[in-house]
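Structure at a glance
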Amino acid sequence: MVDATAPEVRNPYPGLRPFRVDERHLYFGREQQVDRMVEKLAARRFLAVVGGSGSGKSSLVNCGLRPALHRGNMTAAGSHWRMAQMRPGSDPIGALAAALAKPGVLFDEALRGAVSTEALVGGTLRLGSRGLVDIVEQADLPAGTHLLVVADQFEELFRFRGLVRGAQADGHGAAEDAVAFVRLLLEAVAQGEVPIHVVLTMRSDFLGDCAQFGGLPEAINESQFLVPRLTRSEIRAAITGPAAVRGVKLSSVLVTTLLNDVGDNPDQLSILQHALNRTWYHWEHLSACQGDLQVDHYIKAGRMARALDLHADKAFGEFTDVPAKRLCAQVFKALTDTGTDARGTRRPTRLETLGQITGASQEQLTAVIDVFRKPSRSFLMPPLSERLTPQSAIDISHESLMRVWLRLKQWAEDEAQSARAYQRLRLAAAEFDKGEARLWADPQLRLALEWREKSHPTDGWAQLYGGGFESALAFLDQSHKQQRAERQQAEQDARWHAVWSWVPLVTMAVAFVLLQIWLEPKLVGLVKGTAADRGFFGPLLSHLLVGMPAAIGYMALAPFVRKRFPSWEARWQTRRTLPGTAALADSVTAKPTELAVDVVALGYASIGRRALAEVVDWVLCFLVVLLPLSVLLAPPQAPPGQPTTEMSDLSAYAYIVLTALGFCAYHVLMWTSRRRATLGMRLAGIIVTDATGLRLGAWRAAGRFFARWLSYYTAGVGFAMALFSQQNKTLHDRIAGTVVLNRPPKP
């Protein structure tokens, strides 16, 4: 509880929003500048108050110029004033009509009849460039009464011209309304019959845009007030004055710290006011409104550097569910324009438009927006006291929020990237519709699909960036459909090649093995018949006479086989050059989770290691395959004294076939395993892969095994080829397209 004797503790610092007219008693620091503004306005009946973002233009008009006019500081005009203040927004003439139609401006009370006051005023304004003069004359104000029209945030006139699509509800285009609005203001100050004064507030970086309207640059040049930076003493008054009105003091250390922290920050006033607002808040909660405001309260608020960021994050932290957080991000992205204007500006948007952009209901949007409209925050406008309707314009209260709130800066960057992605897609779709471009392929297609999955764009959102939503998504879907069709065809080609490209090799290998089985006994007999002491050379001669022609035959047939059975990659490269087709970005034969080893980094296995692996594998195959088969298929042992029974031809053929299958199964299973190596190769520290470093498939492994027989049937010449290869490639490595590498180190 706060002591009843304590001073009034309502926070005197407005934060990000400008000072209101009813807060002029809390406004300090620019008293000396008001007189110069009154002089300029009296001379031309027109005044353009120009300054950088956060320089306090709106507050200066609300709490400086307007009260001065009511006090009679403009001697020639007296103190009888009617004032209408508005922001142009997307419908400047409608906004001006609404401001003039308020009770106490042109008419003391609302008109009675079928036509509302606002409709009457709006219709008169649209009749011509003298519309404002005519409606003031019709109002028949008391003698000596002057009218002040304040067009606050005049830069909205330029920003909304590029953002409002189509026509207004009454049939008037946005660009025409803007021109007509400027003519109304200029004509009102040019004529001399009716006492109308016009004041604009505008960011200085939009001065160049004023050249779009005839007569406006000249008017600004003749009567412009560039809001100066506050001096150190003026900043001190802005810091201490509002608290003094509430009967509260700031410690001298805090005042000095604040003065030093202001520095040359371009958003100095708005960020300073917010830091003071949060410092007051922590003084209320930590000190129960007792004593002076201290540096500790300021540090607790986050100082000027982080007070706004922490405060905004605190508001965002009130959302506990993911959908609400996502909707909050969508709302602020829609209200922040960094994609169409690199300067970074606010983008006021109607509530119903936000619903179209986000796909959320009005109730869901209101629940999110109200969190940031609380009086203690005022991050979004209109104030919480104003009920939201579908036509309510939702706006960020100040640009400094866009530059200081880190989360919003990231959202804005994401939105800008998303807008650029959509613009690329929209333009590509338009060119495709004209026949000037092809459907997209990777990487453009992959990036666009990822963007759609992440951003969930809507037609309402796309309208912010040029429209064409249906055409753009149709183009994206058509590109994706074509890619899927081409990938399916590529996969079919890959399967076709995987099977059929090895058929000639396997057929040749089997034929040569059968020829070896048939021819070797005859060659052995021939050699024994001619030279009995050279029986050892029979098998060797049979290998040479069968294996060498086999190797030479394959090498001769290889070009024909590759030409007759081209790989799917070659077929794809041929097909991708045809109009309307896309490139395949990733190999469909590679496993999605498979990573290729670095062939160059690992290095090719030495001949010694390969020889060790061969010996170990032969010993293992002898123990696991040959020995059991010999025992299983051996003829029954003859009784003592009887001649030894020889193995039957059927058993011999079964022995050879089962031996070959056993050897093949062992090698294929080991080569295609995750370790990419047989047991002998693991012992020798080597692996086998394809030329790109990927694990062998079953067909390539089987092909390598059968090609290995050629290396054996050439009496070892196929193995000796490794001596003359920089990659230590044997004959079967060349045939199968494989390499033997050193084993990668364990992670």
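As the structure is a computational prediction, the values presented were derived from the model and not from experiment.

Here the focus is the overall build of the protein chain. Counting secondary structure elements, the protein chain contains 31 helices and 12 strands. The buried share among the 747 residues of the protein chain stands at 48%. Pairs at least 24 apart in sequence give 73% of the contacts found in the protein chain among residues at least 6 apart.

Moving on: the nonpolar core. One finds Leu250, Phe332, Ile369, Phe372, Leu401 and Trp405 to be the most contacted residues of the largest nonpolar core, which totals 80 residues. Residues contacting Trp405, with those up to four places away along its chain left out, are Asp309, Ala312, Asp313, Phe316, Phe332, Phe372 and Trp411. By size, the runner-up hydrophobic cluster in this structure holds 48 residues, among which are Ala48, Leu100, Phe158 and Ile220.

On to helix H3 (residues 92–100). Counting buried positions over the 9 residues of H3 gives 8, a clear majority of the element. Every buried residue of H3 is accounted for by Pro92, Ile93, Gly94, Ala95, Leu96, Ala97, Ala99 and Leu100.

Next up on the list: a nonpolar patch on the surface. A cluster of nonpolar side chains, Val615, Val619, Phe622, Leu623, Val624, Leu627 and Val631, forms an exposed patch at the surface whose accessible area comes to about 660 Å². With respect to the helices and strands, the residue Val619 is situated in helix H26 (residues 607–633). Given a relative accessible area of 44%, Val619 falls into the partly exposed group.

So, about the pairing of strand E10 (residues 393–396). Where strand E8 (residues 349–350) lies against E10, 2 bridges are found, and the strand directions are antiparallel. Within E10, the position partnered with Thr349 by the bridge is Ile394. As defined by bridge partners, strand E9 (residues 380–381) adjoins E10 across 2 bridges and the pair is classed as antiparallel. Note on E10: the bridge partner recorded for Met381 is Asp395.

So, on to the sheet that holds strand E5 (residues 224–226). Taken together, 5 strands build an open sheet; the order of strands is E2-E3-E4-E1-E5 and the sheet is parallel. The open sheet has two edge strands with one neighbour each: strand E2 (81–86) and E5. This sheet shows a mean twist of 15° between the axes of neighbouring strands, independent of strand direction. The pairing of strand E1 (residues 46–51) with strand E4 (residues 196–203) spans 6 bridges and is parallel.

Glancing now at the packing of aromatic side chains. Throughout the structure, instances matching the rule amount to 23 aromatic pairs. Ring centres of Phe19 and Tyr27 lie 5.4 Å apart, and the angle between their planes is 75°; on these two criteria the pair is classed as edge-to-face. For Tyr27, a relative accessible area of 12% translates into the label buried. Among the aromatic residues, those joined into a ring-pair cluster are Phe316, Phe319, Phe332, Phe372, Phe379, Trp405 and Trp411. When the ring centre of Trp671 is taken as reference, the NZ or CZ atom of Arg704 above it lies at 4.6 Å.

This next bit is on the confidence of the model for the protein chain. Averaged over all residues, the pLDDT of the protein chain is 81; the fraction at 70 or higher stands at 79%. Averaged pLDDT values over the elements of the protein chain bottom out at 44 in helix H24 (residues 568–576) and peak at 96 in strand E3 (residues 146–151). pLDDT under 50 marks residues 162–173. Its contacts with residues more than four places away, or in other chains, come to 18 contacts. Taken as a whole, residues 565–593 scores under 50 in pLDDT and shows 54 contacts with residues more than four places along the chain or in a different chain.

All right, on to the environment of Pro12 then. Position of Pro12 relative to the elements: it lies in the segment before helix H1 (31–44). Residues Pro12 and His25, spaced 13 residues apart in sequence, show a C-alpha to C-alpha distance of 9.7 Å.

On to the pattern of salt bridges, then. Opposite charge on two side chains permits them to pair, given that their charged atoms come into close proximity. Across all of its chains, the model carries 26 salt bridges by this definition. Of the charged contacts, one joins Glu23 and Arg20 as a salt bridge, the two residues approaching to 3.3 Å between their closest N and O atoms. By relative accessible area, which is 38% here, Arg20 ends up partly exposed. One salt bridge in this structure joins Arg487 and Asp442, with 3.3 Å as the shortest N-O distance. Of this pair, Arg487 sits in helix H21 (residues 469–500) while Asp442 sits in the loop between helix H18 (406–433) and helix H19 (444–455), and the two are 45 residues apart along the sequence. The exposure class of Arg487 is partly exposed, given its relative accessible area of 23%. With a relative accessible area of 15%, Asp442 lands in the buried category. Through salt bridges with shared partners, a single network forms among Arg17, Arg20, Asp22 and Glu23.

A separate point is the sheet that holds E10. Taken together, the 3 strands give an open sheet; going across it, the order is E8-E10-E9, and neighbouring strands pair in antiparallel fashion. If you trace the sheet from one side to the other, it starts and ends with E8 and E9, each paired once. Its contacts with the sheet place helix H14 (residues 322–335) against E8, E9 and E10, and it is angled at close to 85° to E10.

What follows covers helix H11 (residues 268–287). Taking 1.5 Å of rise per residue, 20 residues should cover 28 Å, and H11 covers 27 Å from first to last C-alpha, within 8% of that figure. Most of H11 sits inside the fold, with 15 of its 20 residues counted as buried. Of the residues flanking the end of H11, it is Ala288, one or two places downstream, whose phi is positive at about 55°.

What follows concerns the packing of helix H9 (residues 232–245) against helix H10 (residues 252–262). Two elements in contact, H9 and H10, have axes separated by 10 Å at closest approach and are oriented at 125°. Put simply, H9 runs oblique to H10. In this structure, the crossing between H9 and H10 has a hand that is right-handed. Contact residues: Arg232, Ile235, Arg236, Ile239 and Thr240 in H9; Val255, Leu258, Leu259, Asn260 and Val262 in H10. Along the lines of polarity and charge, the residues of the contact of H9 with H10 split into 6 nonpolar, 2 polar and 2 charged.

So, how was this worked out
- Residues numbered from 1 in each chain as written.
- Predicted model: local features only at pLDDT ≥ 70, side-chain atom pairs only at ≥ 80, totals over all residues.
- Heavy atoms only, no water.
- Helix = DSSP H or I, 4+ residues; strand = E, 2+ residues; numbered from the N terminus.
- Buried < 20%, exposed > 50% of the residue type's maximum accessible area, 1.4 Å probe, protein only.
- Contact = heavy atoms within 4.5 Å.
- Core = buried A, V, L, I, M, F, W, Y, C linked by side-chain atoms within 4.5 Å.
- Patch = residues over 30% accessible without salt bridge, like charges linked within 9 Å, V, L, I, M, F, W, Y side chains within 5 Å.
- Areas by Shrake-Rupley, 256 points an atom, 1.4 Å probe, with all protein chains shown as cover.
- Salt bridge = Lys/Arg side-chain N within 4 Å of Asp/Glu carboxyl O.
- Pairing = 2+ DSSP bridges.
- Axes fitted to C-alpha atoms, helices over the stretch in contact; angles between N-to-C directions.
- Phe/Tyr/Trp six-rings, centres within 6.5 Å; stacked < 30°, edge-to-face > 60°.
- Lys NZ or Arg CZ within 6 Å of the ring centre and 35° of its normal.
- pLDDT = per-residue confidence, 0-100.
- Expected span 1.5 Å × (residues − 1).
- Parallel < 35°, antiparallel > 145°, perpendicular 65-115°, else oblique.
- Left-handed = near helix turned anticlockwise from the far one by under 90°.
- Nonpolar A, V, L, I, M, F, W, Y, C, P; charged D, E, K, R; others polar.

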